[in-house]
Amino acid sequence: MQPSPMDTTALNVVALVSIGAHPTSGRPRRAEQDARAVELGLRLAGEAMQVVHAGDARQEALRGYLGMGIKQLHVLEQPAQADVLHALSDYLLDSDAQLILTGSQAETGEGSGMLPYLLAEQLGWPIVVGLAEVERIDHGIAHVLQALPRGQRRRLQVQMPFIASVDNAAPLARQSAFGPARRGELTVTAANVCPDQLFKEGQLQPARPRPKRLKVIKAKTGAERMKAATAKASGGGGQVLKDCSPTEGAEAIFKLLMDEGVLR
Amino acid sequence: MMLNTVLPILLFAALALAVIGAMKRFAMWRRGRAAQVDWIGGLLAMPRRYMVDLHHVVARDKYIANTHVATAGGFVLAAVLAILVHGLGLHNRILGFTLLVATGLMFVGALFVAKRRLNPPARLSKGPWMRLPKSLLAFSASLFIATLPVAGILPAGFGGWLLAAILLLGIAWGVSELFFGMTWGGPMKHAFAGALHLAWHRRAERFGGGRSTGLKALDLDDPQTPLGVEKPKDFTWNQLLGFDACVQCGKCEAACPAFAAGQPLNPKKLIQDMVVGLAGGTDAKFAGSPYPGKKIGEHSGAPHLPIVSLDGKALVDAETLWSCTTCRACVEECPMMIEHVDAIVDMRRHLTLEKGATPNKGAEVLENLIATDNPGGFAPGGRLNWAADLDLPLMRDKQEADVLFWVGDGAFDMRNQRTLRALVKVLKAANVDFAVLGLEERDSGDVARRLGDEATFQQLAKRNISTLAQYRFNTIVSADPHSFHVLKNEYGAFGGDYSVLHHSTYIDQLISSGKLNLSQHQGASVTYHDPCYLGRYNGEYEAPRSVLKAIGIEVKEMQRSGFRSRCCGGGGGAPITDIPGKQRIPDMRMVDIKETGAEIVAVGCPQCTAMLEGVVEPRPQIKDIAELVAEALVETTATRPAQREAVEAV
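An unreviewed UniProt entry lists chain B under the name Fe-S oxidoreductase, from Pseudomonas segetis.

In the annotation of an unreviewed UniProt entry, chain A is listed under the name Electron transfer flavoprotein beta subunit and assigned to Pseudomonas segetis. As recorded by UniProt, the Sequence similarities (unreviewed entry) comment attached to chain A reads in full: "Belongs to the ETF beta-subunit/FixA family."

## A short note on the overall build of chain A
Summing up its helical and strand segments, chain A has eight helices and twelve strands in all. Overall, the C-alpha framework of chain A stretches about 60 × 50 × 40 Å when taken along its three principal axes. Taken across its 264 residues, chain A has 39% of its residues classed as buried. Within chain A, contacts between residues separated by at least 24 positions form 69% of all contacts whose residues are at least 6 apart in sequence. In the form shown here, chain A has an accessible surface area of approximately 16,000 Å², with 54% of it arising from carbon and sulfur atoms. Averaged over its 30 positive side-chain charges, chain A has a centre that lies 12 Å from the centre of its 28 negative ones.

## Notes on the packing of aromatic side chains
Residues and elements named next belong to chain B. Counted by the stated rule, this structure contains 19 aromatic pairs over all chains. Each ring, one from Phe 457 and one from Tyr 491, has its centre 6.3 Å from the other, and the planes form 55 degrees; the classification is tilted. Here Tyr 491 lies in the loop between helix 20 (481-490) and strand 6 (500-502) and Phe 457 lies in helix 19 (residues 454-468), a separation of 34 residues in the sequence. Residue classification places Phe 457 among the buried residues on the basis of a relative accessible area of 0%.

## Some details on the nonpolar core
Membership of the largest hydrophobic core comes to 160 residues, with the highest contact counts inside it found for Trp386(B), Phe405(B) and Leu516(B). Beyond its immediate sequence surroundings of up to four residues, Leu516(B) is in contact with Val426(B), Ala429(B), Ala430(B), Ile507(B), Leu510(B), Ile511(B), Val629(B) and Leu633(B).

## Topic: the interface of chain A and chain B
One frequently used descriptor of interface size is the decrease in accessible area upon assembly of the parts. With twelve residues of chain A at the interface, the matching set in chain B holds 27 residues. A buried area of about 1,300 Å², summed over both sides, lies between chain A and chain B, and 46% of it is on carbon and sulfur atoms. Ranking the residues of chain A by area buried against chain B places Arg27(A), Gln175(A) and Arg182(A) at the top, with a combined share of 46%. The interface formed by chain A and chain B includes three salt bridges. Of the charged contacts, one joins Glu367(B) and Arg30(A) as a salt bridge, the two residues approaching to 2.9 Å between their closest N and O atoms. For the pair chain A and chain B, the interface holds twelve residue pairs in polar contact (both at pLDDT 80 or more). The element contributing the most residues to the side of chain A that touches chain B is helix 5 (residues 178-183) of chain A, with five residues.

## What to know about the sheet that holds strand 5 (residues 72-77) of chain A
All names here are of chain A. Across the sheet, seven strands lie side by side as 7-11-6-1-4-5-12; this open sheet has parallel pairing. The sheet terminates laterally at strand 7 (127-129) and strand 12 (185-190), the two strands that pair on one side only. On average, each strand axis in the sheet is tilted by 25 degrees relative to the strand beside it, whichever way the strands run.

## Structural notes on the UniProt feature "domain: Electron transfer flavoprotein alpha/beta-subunit N-terminal" (unreviewed entry) in chain A
On the UniProt side, "domain: Electron transfer flavoprotein alpha/beta-subunit N-terminal" (unreviewed entry) is annotated at positions that read residues 19-198 of chain A here. Within residues 19-198 of chain A, the helical portion is 24% and the strand portion 33%, while the C-alpha atoms at the span's ends are 20 Å from each other.

## So, the confidence of the model for chain A
For chain A, per-residue confidence averages 88 on the pLDDT scale, and residues scoring 70 or more make up 92% of the total. Across residues 1-6 of chain A, where pLDDT falls below 50, the model places six contacts with residues more than four positions away in sequence or in other chains.

## Some details on the domain arrangement of chain B
For chain B, the domain assignment lists domain 1 (2-199), domain 2 (225-354), domain 3 (379-510) and domain 4 (526-632). Here the C-alpha centroids of domain 1 of chain B and domain 4 of chain B sit 45 Å apart.

## A word on the packing of helix 1 (residues 2-29) of chain B against helix 11 (residues 267-279) of chain B
Residue and element names in this part refer to chain B. Two elements in contact, helix 1 and helix 11, have axes separated by 9 Å at closest approach and are oriented at 100 degrees. With respect to each other, helix 1 and helix 11 are oriented roughly perpendicular. Counted together, Arg 25, Met 28 and Trp 29 of helix 1 and Val 275, Leu 278 and Ala 279 of helix 11 form the full contact between these two elements. When grouped by side-chain class, the residues that make up the contact of helix 1 with helix 11 number five nonpolar, no polar and one charged.

## Observations regarding the pairing of strand 10 (residues 153-159) of chain A
Residue and element names in this part refer to chain A. Strand direction decides the pairing type here: strand 9 (residues 141-147) and strand 10, joined by seven bridges, are antiparallel. Directly across from Ala 142, in strand 10, lies its bridge partner Val 158. Here strand 9 folds back onto strand 10 in antiparallel fashion, the turn holding five residues, of which Arg 150 has a positive phi close to 60 degrees.

## What to know about the pattern of salt bridges
Any two side chains of opposite charge can pair, given that their charged atoms come close. Residues and elements named next belong to chain B. Under the counting rule described, the total for this entry stands at 55 salt bridges over all chains. With a shortest N-O distance of 3.2 Å, Lys 251 and Asp 61 are connected by a salt bridge. On the criterion of sequence distance, the pair formed by Lys 251 in helix 9 (residues 251-255) and Asp 61 in the loop between helix 2 (39-58) and helix 3 (62-87) is long-range, its members being 190 residues apart. Summarising the burial analysis for this pair, Lys 251 and Asp 61 share the class buried.

Calculation notes
Residue numbers here run from 1 along each chain, matching the order of that chain's written sequence. Key to labels: chains lettered from A, ligands numbered from 1, both in the order written. The predicted nature of this model means local features are confined to residues of pLDDT at least 70 and side-chain atom pairs, given and counted, to a pLDDT of 80 or more, with totals for whole chains, interfaces and linings taken over all residues. The side-chain figures draw on all heavy atoms in the structure; neither hydrogens nor water molecules are used. UniProt positions are given in the numbering used here, feature names are shortened, and annotations may be inferred rather than shown by experiment. Strands here are runs of E lasting at least two residues and helices are runs of H or I lasting at least four, both read from the DSSP assignment and numbered beginning at the N terminus. Think of it in three bands: with a 1.4 Å probe and only protein chains considered, a residue is buried below 20% of the maximum accessible area for its type, exposed above 50%, and partly exposed in between. Every residue pair with non-hydrogen atoms within 4.5 Å of one another is taken to be in contact. In these tables, accessible area is a Shrake-Rupley quantity obtained with a 1.4 Å probe, and a residue counts as shielded only by the protein chains included in the view. Neither His nor the chain ends contribute to the count of charged residues, in which Lys and Arg are positive and Asp and Glu negative. In this description, the location of a charge corresponds to atom NZ of lysine, CZ of arginine, CG of aspartate or CD of glutamate. Only Phe, Tyr and Trp rings are paired, with Trp represented by its six-membered ring, and only when their centres lie within 6.5 Å; those with planes under 30 degrees apart are stacked, over 60 edge-to-face, the remainder tilted. To qualify as a nonpolar core, a set must consist of buried Ala, Val, Leu, Ile, Met, Phe, Trp, Tyr and Cys residues joined through side-chain atoms within 4.5 Å. Buried area counts how much accessible surface, traced with a 1.4 Å probe, disappears from two parts once they are put together, with both parts' losses summed. What makes a salt bridge here is a side-chain nitrogen of Lys or Arg within 4 Å of a carboxyl oxygen of Asp or Glu, nothing more. In the analysis that follows, any N or O atom pair within 3.5 Å is treated as a polar contact, provided that within protein one partner can donate a hydrogen and the other can accept it, and provided that, for residues neighboring in sequence, both atoms belong to side chains. Strands are treated as partners if at least two bridges between them are detected by DSSP. Axis definition: a line fitted to C-alpha atoms, limited for helices to the stretch in contact. Angles are taken between N-to-C directions and run from 0 to 180 degrees. Every residue is assigned a pLDDT by the predictor, reflecting its confidence on a scale from 0 to 100. The start and end points of each domain follow an automatic or database-based domain assignment. To sort the angles, those under 35 degrees are grouped as roughly parallel, those over 145 as roughly antiparallel, those from 65 to 115 as roughly perpendicular, and the leftovers as oblique. In this classification, the charged set is Asp, Glu, Lys and Arg, the nonpolar set is Ala, Val, Leu, Ile, Met, Phe, Trp, Tyr, Cys and Pro, and all remaining amino acids, among them Gly, are polar.

So this is what it looks like as structure tokens:
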């Protein structure tokens, strides 16, 4: 499953990492998905990959990434509530990066999951969401597997450079070891600071768990339950819109939201 | 006379070769890292350590103890006298007679060695070891006959040149095995390396009846200190010396639960592999039982080569190291007092701290310990949920208590919560002034340390120590032998010195001071399973038994109990690394338990409880000592006011 290192070691891979928070204790740690991004990068490019964090270099949790066997972690110095988008895109434009890996969503801060999209927009690069595996790369085109719900995979071809976000379908991050974490180097560079407008004006409030739709189990037998659990989410109500205008699409979505009672 | 001219040359040549070999061997050991030893004091203490401490272990097997006393005693005396009589030519009759007695004694001993080798048990190594009794016989017999003229029993020149030649041959064979074979790597190496190993042992506290079982701390403040052992030369030099002392008797192999379960570990082979590593070469010459499921001859190593290769084969496979339950049965059995567990943990440290290669659930458990202070990754705020209705006094409120009840991570385990609640009931019944740390308690660090994560262990230890430093208490009591051991023996290196008791010891004290009103245990017959970390690690075999006796239980002892107790399989992170074998260790232990016919097995450890309860039913019930005592508690009536009743007026 691991691609032969021959074809990818020369690849210039950058992983963007953030500070995570443990789900039960809330203590800072390496973020789960970001660590998977680093893992994917390590499998592709080995130790030559770059790992970049925009934020505070004094965060001990960053050493969790170094412990995966990375010699150096690049920190773009940013204050706590800055919008890191510009600092990152400036850095990445100068970096000859061919593949940028991120997690899908940060565990701390805003955690909107928007960063990879905004970054792709700024750089003008394609984005692959839910990257599960890079199968091979030839002539600047990456053949990758994208993770879809229920364990399905879609094979995509992307022209490099591109951005990819990984979620829990990507391989589990390797153990972070104390020795390399202690030896690893955090190189700090100053970067443009762009205050985050939203953070300035907005207020943070504790998240409420999203209400779940009631699950009515109609299955009578074990086999039916198994089928319900594994089959594609079909449901007769869905419809696939192809080659329609944005207005038609928006109208269809609006109608669905009304039907579902999300909008009133 | 041919003998008189050739014998001295032979003896002194052999001695010279022995000295050269000794120097070479010493240089090999010194490739290891520096270690502080008491050079002179150790050498002076060595004879006593040999005659008392080592003999104490060997004497568990009377046959080989007597055999060894005769053979080794005879040989040492014979060797010294042979040098005087035949080497220096002191043809004194008394010396001659003494030499005859010594060689005779050695010959008799050697006969018994030969007898043991007629049909040797599987644990013994074969190969050159099968030759040893013959060498002993040849040496003692030849020297005996060659000495007869000195004692005046036979005329000088008896037998002519033919006999002289035969005798010379016999003695030459003998001295090559017994003099320089000792330092050039033959079976007799154990005598030479063993004596020095006893002198410069890494845990000198073990001698004279002492106990030293806490793992040695890594110096994490100095970035130059290697994080564990990668290559044989990363061991301290006296550890290397210790490996060389192995006699390959296989007592460790016979006691090892992982070996018996068919997991790829054999403590004897591991020590021999370390010898291969320190000298360089392959394991092809090893003549004992292999690691179960691994062929001999495929592994090799050298002092400067990594011991474990994660991609291919090196000296030892990682799964061999991860099979160990750190039960210390091998160390307990080893007549040469070799420290297998130290070596295994040293190598694990490298794998975890440098390679990040803790197998199976290891990485997850360590991550949980770092992030939540408990191996299960439970929310730290739930640590006291098990006692929500018990109204436990908290140290933070009381600041001071006679007993600090160390709850341990069993707080998160529903089975262990029953034990904890039983213990609280007992403590309350005895009106003990106790308190718990509550949410301030963290994992003791036991599992992290056995998995090789010294960094996480030290972090947990230091935090626990600073928490404990805020409060005043006389004794820590814990129902978990692992926490007990770590608090008692391993926190000292970081400034935490406490009086720590296992709950069985503390309950025993409560009973003998009359603080508990106990009835007698009803019915079922009971056996007791000694936890490794209470027994072998801390020498507590009596208290649990005397507690059980106090509630009227006569323990039906298992074949393997006390210091020979077989591990439940739950120590050393073994359930986490989960190396497959042919059978499970707790299943084997359950067979031991069933052999006694007991209906209940009393335990004193949450790990043992979990492992033994994991055995499929039907099987005896598993009950912690605290539960058995709590069941036998008699509700005191004194606190209740006498019941008044209405009386019918006449």
